[in-house]
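So you can see what is in the structure, the chains are spelled out below.
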There are 4 protein chains.
Amino acid sequence: MTTVFETLESNVRSYCRAWPTVFDTARGAWLRDESGREYLDFFAGAGALNYGHNNPVLKSALLEHLSRDGITHALDMSTTAKRDLLVALRDIVLVPRGLDYKVQFPGPTGANAVEAALKLARKVTGRTAIWNFTNSFHGVSLGALAVTGNAAKRAAAGVPLAHAVPMPYDGYLGDDPAAGPAWMRRVLDDSASGLDKPAAVIVETVQGEGGVNVASGQWLRALAELCSARGILLIVDDVQMGCGRTGPFFSFETAGITPDIVVLSKSIGGYGLPMALVLLRPEWDQWAPGEHNGTFRGNNPAFVTARVALEHYWTGDGLTASTLALGERVRDALDELAARYPGVSARGRGLVHGLAFADVSVAGKVSRLAFERGLLVETSGPDDEVVKLLPPLTVTPDELGYGLTLLAEVVDEICAGSPAVTGTVRARFTGCG
Amino acid sequence: MTTVFETLESNVRSYCRAWPTVFDTARGAWLRDESGREYLDFFAGAGALNYGHNNPVLKSALLEHLSRDGITHALDMSTTAKRDLLVALRDIVLVPRGLDYKVQFPGPTGANAVEAALKLARKVTGRTAIWNFTNSFHGVSLGALAVTGNAAKRAAAGVPLAHAVPMPYDGYLGDDPAAGPAWMRRVLDDSASGLDKPAAVIVETVQGEGGVNVASGQWLRALAELCSARGILLIVDDVQMGCGRTGPFFSFETAGITPDIVVLSKSIGGYGLPMALVLLRPEWDQWAPGEHNGTFRGNNPAFVTARVALEHYWTGDGLTASTLALGERVRDALDELAARYPGVSARGRGLVHGLAFADVSVAGKVSRLAFERGLLVETSGPDDEVVKLLPPLTVTPDELGYGLTLLAEVVDEICAGSPAVTGTVRARFTGCG
Amino acid sequence: MTTVFETLESNVRSYCRAWPTVFDTARGAWLRDESGREYLDFFAGAGALNYGHNNPVLKSALLEHLSRDGITHALDMSTTAKRDLLVALRDIVLVPRGLDYKVQFPGPTGANAVEAALKLARKVTGRTAIWNFTNSFHGVSLGALAVTGNAAKRAAAGVPLAHAVPMPYDGYLGDDPAAGPAWMRRVLDDSASGLDKPAAVIVETVQGEGGVNVASGQWLRALAELCSARGILLIVDDVQMGCGRTGPFFSFETAGITPDIVVLSKSIGGYGLPMALVLLRPEWDQWAPGEHNGTFRGNNPAFVTARVALEHYWTGDGLTASTLALGERVRDALDELAARYPGVSARGRGLVHGLAFADVSVAGKVSRLAFERGLLVETSGPDDEVVKLLPPLTVTPDELGYGLTLLAEVVDEICAGSPAVTGTVRARFTGCG
Amino acid sequence: MTTVFETLESNVRSYCRAWPTVFDTARGAWLRDESGREYLDFFAGAGALNYGHNNPVLKSALLEHLSRDGITHALDMSTTAKRDLLVALRDIVLVPRGLDYKVQFPGPTGANAVEAALKLARKVTGRTAIWNFTNSFHGVSLGALAVTGNAAKRAAAGVPLAHAVPMPYDGYLGDDPAAGPAWMRRVLDDSASGLDKPAAVIVETVQGEGGVNVASGQWLRALAELCSARGILLIVDDVQMGCGRTGPFFSFETAGITPDIVVLSKSIGGYGLPMALVLLRPEWDQWAPGEHNGTFRGNNPAFVTARVALEHYWTGDGLTASTLALGERVRDALDELAARYPGVSARGRGLVHGLAFADVSVAGKVSRLAFERGLLVETSGPDDEVVKLLPPLTVTPDELGYGLTLLAEVVDEICAGSPAVTGTVRARFTGCG
């Protein structure tokens, strides 16, 4: 029977094709479809649900706000909900880390926050070029798309994307972490390189969509130093890797760098509600009032859940510690899998991990079979060759163990052709990567 | 005392400067600040709150969805909440109007929906140029900003905006509604005009941010015919004027035209929650899966309130009729004001109206004094010379009457210098426009 | 027999297709092909041969320079030939007209001079946009092409052309010469028009390639005043219309305007040798040394013929007077032709004239048949619908009369189907325009 | 006394500042100023005078052509002079080398030829990006400037330059010739690299303006193979290095590669007259007639001297052999100089050589002192740190020896501080590089 999704929803729909069911409710690390079947979620809204689905602590505050008719929509008017969030950001996030940032509320999406950051960097430097990195993903609006690597998404712009040049990400040119920074330094110091000095460099410390590529602290520091020495703004896009995904609140903390601009979205709202922030060193806060705006930049219900998430999860080190501990477990499990088959390798940090397959067709098969078994994992990387694990940070050890066991079974079936493999899949496979 | 807004929030904040208080709760047409003072809202979230603040019918459904742990964040997975919304869109909005559109869920903002529409138009036509209109506003991400008129916002791009050319909006070149279409037709039919044939024309039927400029049905039909005859896609940006703002659900219905693409946001979510839609004629739905994406394109709580808004307000003609009736009342009041002072004129349609002042400094004064008196009205137009009225469509006749009376008093005070005017304002004014 | 032109020369070759013979020598208004056949030239190198082919006065100076081993190639080193030219420019052209210009020697083509002018205008204003006009032609390098109207030539760029917007040329929007300037003024004075304030306006006083469209003095003055009032540079591209083509040395003299920048090429070298100049008001001469360069910017043989042309033709009013007188004769002849057939009209100024046909296929037929009869005339206009007459300014009255008689015969044959028409042409024609 | 150059010529003038005299005549390797002083020319019109100034063989043919009123200006009409040139190109240049190229006559400058090549590459591939190289120079019109490295010249565009990305030239990333091609291959094979697949790569085999950087045959072959394998057009800009400058007629012959498109200018006209050619593999000759044009694309006097140069110098191997032999002598002399001082190094090929100084201020001093001694040498490189030697290929061994001796004396004086150094120079110098 043809569903309304097929008849009415645009062809652009995507995840619903990989996961062909109709979801209804969710809680913590679990989604339930309308038939009552449950799925363990190692995808977490592509990183927007670090605190799990419908987190009860946040839910309670949200219901309270809505029930008392707390402001819902406020553009950038001052509200009590915004004030409480600003105070929590200051006292829980910024001050303890010695960070002196101004806070901009752009439109409620990562792409919009990236657009704001790029615009501001260009405005304050008077330069037009931005340097991004190979395999980066920063969004699909025209400004953000120009710094995004994916060729198919770029082509969908319908116009040539301009004013951005990708640099080699850590590890892209081989094992030498100095290779990329050397190329950047060389062209900056050469007035005839043909690469115009950029307004800013925009970087993800771990490239989630790009295939779980992890930048080393050494590389990030070299980048930060280069930017600082040459008067180039360093923008860290922490949309997916911030809010504790790699352990600390900001993913760049372990590298010991302080970006000029930080872009947050996805889990910053806490509950999966649309919200984004741009953090700016005060000297760059040269916006004129209203110069960047957006109707939904004052999504107050999200301000409430954002604040409660900070208060509940970030006043101590507990979440960071548990994330790192759970991450170790993921890494061990993936390393074991990788050791079992040729052409398979593991990588990651905190609770973002990837299992990469040299045979680029394998990851998609793993994702599909995992779905059949009740586990949601997405793929990433230029050829969708990496199974990417993004469980909620609030996943329990038991849930995590269960999911990793499921994943191992699925990989075993596909790579080793064990009896459990469905006929058609088995028939097509003789090796793995 | 310096507030956290001043110390921590970016200079880009804007409305909080015009309306210097801290809002706390809201209901219907009223906002309440933390001191308990109430403000009648003729601004309605810049058109995002057509059904009023925290509309009880929608609130009830929203609380129910949240309480039962209905999915909150789902990217573009299929969910029961999305299915119910699609069915309601089809049965309540599209089928009764004979409209055959596919529905795209872009990111949850108008700008993102505009970006999606422009990308698609370029992709399906293979052309790069877009024609927009003088005084248009479509958003501030790089693609949307290129079709936005405001010079200060454009300059904030930090790069030259390309691939878009503004055409004269209805009335821009004087009273002849044929002047603009004649220019467009002339350059299209001239292979040496230097204006490349565009992929699409993007138009607002009433330019809200541009100063409440109302396009006539005749002009819109001429535009639609020109686009159709030349194979140019017609995109109507109904972000602010759709969802009943001008009376009918879509603002273009009265003109009898059928756009190729319709962009909706602001009030489509019903409750002021971030949400946007792109409606596409099926032949243009040439997206590849995932070609345009975004983390918050599956904001399911907004799907719930969007659906209930359609079910509650759009199964009959009641809201349209009351909007038109209330609109007449607004128009009468503004016409009376306009007749009272030289250099003042009124314009509008449905429940979007503008009071324009030849002396461009007046509108801002009106807005500020209205705030002091407990009425929220914003300004618009190239020089902020127009007081723009956007009350919730659910405003009661009494509330509307009260607000119009307040407005008239304020205008009288500022323009006529009546005793009620505060000293400083009075001192500065000797005439009005 | 297949010639080396067909086997070896690129498909891009063009005039050789319309005029299928092999030319060998030339003198004055006459070209001779290798079979000895002579052609009267009403094309004059597209305006590069205002003083006729191999003008004996210039030839003598050129041979003298070459014979004595005068410098040929000098980049922008100082040479005696360049000094003599600068002095002649100053004393014969600039000072008598009260013009205070600096002289730049860009690369030796009109396109290069246009590129230099646009770059400088952007540099000194800090703005990126340029306004050009419908049906304009300024060259085919990427910067010049962006301000050129022809759609096919624009498409050949292979990239979207940016940073330029065409405005309506005089007469483009009908008879009212104020219509275009009104549109320009309106968008300039409207900070939300969406048309960024341009660095410069570039205009031809008569659009040769565009179809011999003649701007009125009133319109040019309105344009100049608008530019001056708004701080926009006015660039007159006098590549084809300068050097006496319209009567006075500069085509803009009769309008009484003084452009900020004047671009000269084609006939400025006198003998048909590649050369170009950019004249700049001193305040705009903000070039850093070498900021714009080019290998052939010091074509000294052309400096010699350029100087002698000034000395010989421009120390008195003789050439201007004879050009205007001959032009009258052309105009009378064309008016007579236009009066004879419906859909035919004449236009022009000085010695540039056009005969426009409503049936756009006629002009090409006229050009081809004229060639068969020994007269070279090219077509122009968006649809090649205009026969364009550009005889050398040094054409004798007898030659001019002969050519006009030939042209009239050809038009008669094609439009009226007189017995002289060749069978195939006749068979296809029943009316004219 | 202020000269007309200072009062009237634009500030953009450049070489006349370095060489402050007024040149009058020239012959072979010698220029003579108006005072009768002679200068040995190791600059040769920046490579436009490979056959020397006013070469008597070419001069004779040129005078003959002009005297008999051979066509001077012909756009792209067929002429006997063009036919003779095409035949010579075919029989002397193309056929003996097994090259199957179509010949396009663009405007008469290298920049224009580059513009044509880039446009065509974009047209035939449907792609917009071009890859150029660090330190490249291809001209200053907007399309050519986008692939030129020099930051100051790029900034003079006044608009951001788009659609081009520089790749590392051979040696740019250190000694490994595989480093650059590895980066190119990596990003091409990665669909998420963010570097759009280019229409073409444009390369100089020796970067003259860039500092006499010599690409190895191995590197050029790797580049050609990469282009071929990925369907990217390879454009060799042989404007300065073609016509025998490196020994063989084309500079790429020794590497054994066959570009898709070759751009020629400078010495192709033989006599220093403006002329340029684009050579195209037949399958890329997809121009529509007239799609790229230009008034001076039919500079027939240059066709005559171009043909005679081919006939006289290229029917045997003599010029190649003597160029290589003379080049050896230059190299020996420079190596000896380089060995004498720290921070000095020599590089080059054929008769293009560079002497690079680690102390970037030295090269300019060498050039200035050489001028005082009667030797013209220019500087190149990003910091003008390289003395560049480009003597005419027809320089005699004695002249070459004299010039090299002069140069050595100058370098000695500046680097070693010998008594001959002028006071002011000496005072400032204590070491060399």
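Each chain has its residues counted from 1, following the order in which its sequence is written. Here chains are named by letter from A upward and ligands by number from 1 upward, in the order in which they appear as written. Thresholds applied to this predicted model are a pLDDT of at least 70 for local features of residues and 80 or more for the giving and counting of side-chain atom pairs; totals over whole chains, interfaces and linings are not thresholded and use all residues. Here the side-chain values reflect all heavy atoms present in the structure, with hydrogen atoms and water set aside.

**A look at the sheet that holds strand β14 (residues 352–357) of chain C**
Residues and elements named next belong to chain C.
Next, step 1: Between any two strands, pairing holds if DSSP finds at least two bridges. Numbering of helices and strands starts at the N terminus; helices are DSSP runs of H or I of at least 4 residues and strands are runs of E of at least 2. Pairing is antiparallel in the open sheet, where four strands are placed in the order β13-β14-β17-β16. Here the strands that pair on one side only, and so sit at the sheet edges, are β13 (344–349) and β16 (378–380). Averaged over all neighbouring strand pairs, the angle between strand axes comes to 30°, with direction disregarded.
Next, step 2: Note that β13 and β14 share six bridges and pair antiparallel. Looking at β14, one finds that R349 is bridged to V352. Each axis is a line fitted through C-alpha atoms, taken for helices only over the stretch in contact, and angles between the N-to-C directions span 0 to 180 degrees.

**Concerning the environment of W284 of chain D**
Residue and element names in this part refer to chain D.
Next, step 1: Looking at the secondary structure, you find W284 in the loop between β12 (277–280) and α11 (300–313).
Next, step 2: C-alpha separation for the pair W284 and Y39, spaced 245 residues apart in sequence, amounts to 45 Å.
Next, step 3: Whether two residues are in contact is decided by their heavy atoms: any pair within 4.5 Å suffices. Among all residues touching W284, those that are not within four sequence positions of it are L120, V124, L233 and D260.
Next, step 4: Within the local environment of W284, its side chain forms a polar contact with the side chain of D260, the two groups lying 2.7 Å apart. What qualifies as a polar contact is a pair of N or O atoms within 3.5 Å, subject to a donor-acceptor requirement within protein and to the restriction that residues adjacent in sequence count only when both atoms come from side chains.

**Concerning the confidence of the model for chain A**
All names here are of chain A.
Next, step 1: Residues at a pLDDT of 70 or more form 96% of chain A, whose mean pLDDT is 95.
Next, step 2: The score called pLDDT rates the predictor's confidence residue by residue, from a low of 0 to a high of 100. Overall, residues 419–433 carries pLDDT values under 50, and its contacts beyond four positions in sequence, including any with other chains, amount to 27 contacts.
Next, step 3: For this predicted complex, the interface score ipTM comes out at 0.96, alongside a pTM of 0.96.

**Concerning the pairing of strand β7 (residues 200–203) of chain C**
Each regular strand displays side chains that alternate between the two surfaces of the sheet.
Residue and element names in this part refer to chain C.
Next, step 1: With burial as the criterion, each face of β7 is covered, one bearing A200 and I202 and the other bearing V201 and V203.
Next, step 2: Bridging between strand β5 (residues 130–133) and β7 involves two bridges; their strand directions are parallel. Its bridge partner being in β7, I130 is matched across the sheet by A200. Working definition: with a 1.4 Å probe on protein chains only, accessible area under 20% of the residue-type maximum means buried, over 50% means exposed, and in between means partly exposed.

**Focus on the relation of the copies chain B and chain A**
Next, step 1: Of the transformation placing chain B onto chain A, the axial shift is 0.0 Å and the rotation is 180°, giving an RMSD of 0.0 Å. The relationship between the two copies is best expressed as a two-fold rotation axis. When each C-alpha of chain B is compared by its distance to the rotation axis, L142 of chain B comes out closest, at 2.7 Å. Copy-to-copy alignment: least squares on C-alpha atoms, limited to residues at pLDDT 70 or above in both.

**Here's the deal with helix α4 (residues 56–67) of chain B**
Next, step 1: Between its first and last C-alpha atoms α4 of chain B spans 16 Å; for 12 residues at 1.5 Å apiece the expected length is 16 Å, and the two agree.
Next, step 2: Listing the buried residues of α4 of chain B in full gives L58, K59, A61, L62, L63, H65 and L66 of chain B.
Next, step 3: Of the surrounding elements, those touching the buried residues of α4 of chain B are α4 (56–67) of chain A together with β1 (23–27), α5 (80–94) and α11 (300–313) of chain B.
Next, step 4: Capping the start of α4 of chain B is the job of one residue whose side-chain oxygen sits 3.0 Å from the backbone nitrogen of V57 of chain B: N55 of chain B. In this analysis, the expected span of each helix is defined as 1.5 Å times one less than the number of residues it contains.

**Some remarks on the pattern of salt bridges**
Next, step 1: Criterion for a salt bridge: a side-chain nitrogen of Lys or Arg within 4 Å of a carboxyl oxygen of Asp or Glu. The final tally for this structure, using the stated rule, is 85 salt bridges over all chains.
Next, step 2: One salt bridge connects D76 of chain A with R297 of chain A, and the closest N-O pair in it is separated by 3.0 Å. Residue D76 of chain A is found in the loop between α4 and α5 (80–94), and its partner R297 of chain A is found in the loop between β12 (277–280) and α11 (300–313); the two are separated by 221 residues along the sequence. Here D76 of chain A and R297 of chain A have matching classes, each one buried.
Next, step 3: Note that K82 of chain A is salt-bridged to E9 of chain B, the shortest N-O span being 2.7 Å. Here K82 of chain A, found in helix α5, pairs with E9 of chain B, found in the loop between α1 (4–8) and α2 (15–18), and the two come from separate chains. Neither residue differs from the other here; K82 of chain A and E9 of chain B are each classed as buried.
Next, step 4: Bridged by salt links that share partners, the residues R27 and K59 of chain A together with D69 of chain B form one connected network.

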